[in-house]
Amino acid sequence: MHNLAASKNKLKETAKLQQKKFREETGLFIVEGFKVLDELINENIEIVEVYSLKEINKINIKCPVYVVDEIGMKKIASTESVCEILTVAKKRIHNIDEFKQLNKLILIDSISDAGNLGTIIRSAAAFGVDGIILYGNCTDLYSAKVIRSTAGNFFKIPVVSINSINELQSLFKNHKKIATALSKTNNISLKECMNIE
């Protein structure tokens, strides 16, 4: 671990990770705060670099640590209040084939609100769900708001994305399916809960 100074170009490149496009291109994402950094370490997520308002020497990480001032931190963080520490890490990619062996799964169809997705992940962890599948046009799993809304549960449940309903049906044809809707007048489609008649 080395405490370094961050150049303007370095901060500019890191700030781009607040955008979904650059997270997808690089496979990297940003988290803010000491609590989430501890979570990354505990879950063996690969940490690429850390930005801190002051030098840190007691955290056992083997990556560059950039010391920045509050102005620099505001440029790369997503929150209004200045965080003390910000981490860039590599996304954890799960293989969909692993999910065939899991019993309790949640399938979420086209969820657009990041806060709601984070809340679902947090609730799923509390109820012992084995995995989550995102289908359709969903909000970005690795947005800062999703991660914050999970309240420390982001890495406790594997999450994958699938965009083919036929693949869903093929992979999970032997799973018992239970569907929910906001009201009884809503049409529970998804090809009638993946039976695809």
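It should be noted that the structure appears before, not after, this text.
The structure presented is a predicted model; accordingly, all values stated were derived computationally and were not measured.

Attention now goes to helix 3 (residues 34-42). Those residues of helix 3 that sit buried are V36, L37, E39 and L40. Looking straight down helix 3, one finds its buried side chains confined to an arc of 155°; they lie on one side. Away from its buried face, by an angle of more than 90 degrees, helix 3 presents the exposed residues K35 and N42. Against the buried residues of helix 3 lie strand 2 (28-32), strand 3 (47-52), strand 5 (85-90) and helix 6 (144-149).

A word on the packing of aromatic side chains. Using the criterion set out here, one finds five aromatic pairs in the structure. With centroids separated by 4.7 Å and ring planes inclined at 50°, the aromatic side chains of F29 and Y142 adopt a geometry described as tilted. Of this pair, F29 sits in strand 2 while Y142 sits in the loop between strand 7 (131-135) and helix 6, and the two are 113 residues apart along the sequence. With respect to class, F29 is no different from Y142; both count as buried. Centroid distance F154 to F155: 4.8 Å. Interplanar angle 90°. Geometry classified as edge-to-face. Classification of F154 by relative accessible area gives buried; the value is 5%. Following the ring pairs from residue to residue traces out a cluster consisting of F29, Y142, F154 and F155.

This part is about the nonpolar core. Ranked by internal contacts, the top residues of the largest apolar core, which has 33 residues, are F29, L40, V50, L117, I132, L134 and L141. Listing elements by their share of this core, those giving two or more residues are strand 2, helix 3, strand 3, strand 5, helix 5 (114-126), strand 7 and helix 6. A per-element tally of this core places helix 5 first, with four residues. Those residues in contact with L134, other than ones at most four positions away along the chain, are I108, L117, L141, V159, V160, S161 and I162. Of all hydrophobic cores here, the second largest spans 14 residues; its members include F22, I76, L86 and V88.

Before going further, it helps to examine the sheet that holds strand 6 (residues 105-109). Pairing in this open sheet of three strands is parallel, and the strands run 6-7-8 from one edge to the other. Of all strands in the sheet, those with a lone pairing partner are strand 6 and strand 8 (159-162), marking the two edges. Each strand of the sheet is rotated relative to its neighbour by a mean of 25°, with strand direction disregarded. The pairing of strand 7 with strand 8 spans four bridges and is parallel. Looking across to strand 8, one finds that I132 is bridged to V159.

Positive phi, close to 60°, is recorded for N44, a residue that is not glycine. In this fold, N44 is placed in the loop between helix 3 and strand 3. According to the relative accessible area criterion, N44 is exposed, its value standing at 68%. Here A151, not a glycine, exhibits a phi torsion of approximately 50°, which is positive.

This next bit is on the environment of I120. Mapped onto the elements, I120 comes out in helix 5. With relative accessibility at 27%, the residue I120 sits in the partly exposed group. A C-alpha to C-alpha distance of 9.4 Å links I120 and I132, two positions twelve residues apart in sequence. Dropping the residues within four chain positions of it, I120 is found in contact with I108 and I111.

Tracing the backbone through its elements, the reader meets N153 in the loop between helix 6 and strand 8. Looking at N153, the relative accessible area reads 12%, which means it is buried. Within polar-contact distance, the side chain of N153 engages the backbone oxygen of T150 at 2.9 Å. In this structure the side chain of N153 is engaged in a polar contact, spanning 3.3 Å, whose partner is the backbone oxygen of A151. Discounting residues that sit within four places of it in the chain, N153 has contacts with E39, I121, R122 and A125.

What counts, and where the lines are drawn
Residues numbered from 1 in each chain as written. Predicted model: local features only at pLDDT ≥ 70, side-chain atom pairs only at ≥ 80, totals over all residues. Heavy atoms only, no water. Buried < 20%, exposed > 50% of the residue type's maximum accessible area, 1.4 Å probe, protein only. Helix = DSSP H or I, 4+ residues; strand = E, 2+ residues; numbered from the N terminus. Arc of directions from axis to C-beta. Contact = heavy atoms within 4.5 Å. Phe/Tyr/Trp six-rings, centres within 6.5 Å; stacked < 30°, edge-to-face > 60°. Core = buried A, V, L, I, M, F, W, Y, C linked by side-chain atoms within 4.5 Å. Pairing = 2+ DSSP bridges. Axes fitted to C-alpha atoms, helices over the stretch in contact; angles between N-to-C directions. Polar contact = N/O pair within 3.5 Å; in protein donor to acceptor, adjacent residues only side chain to side chain.

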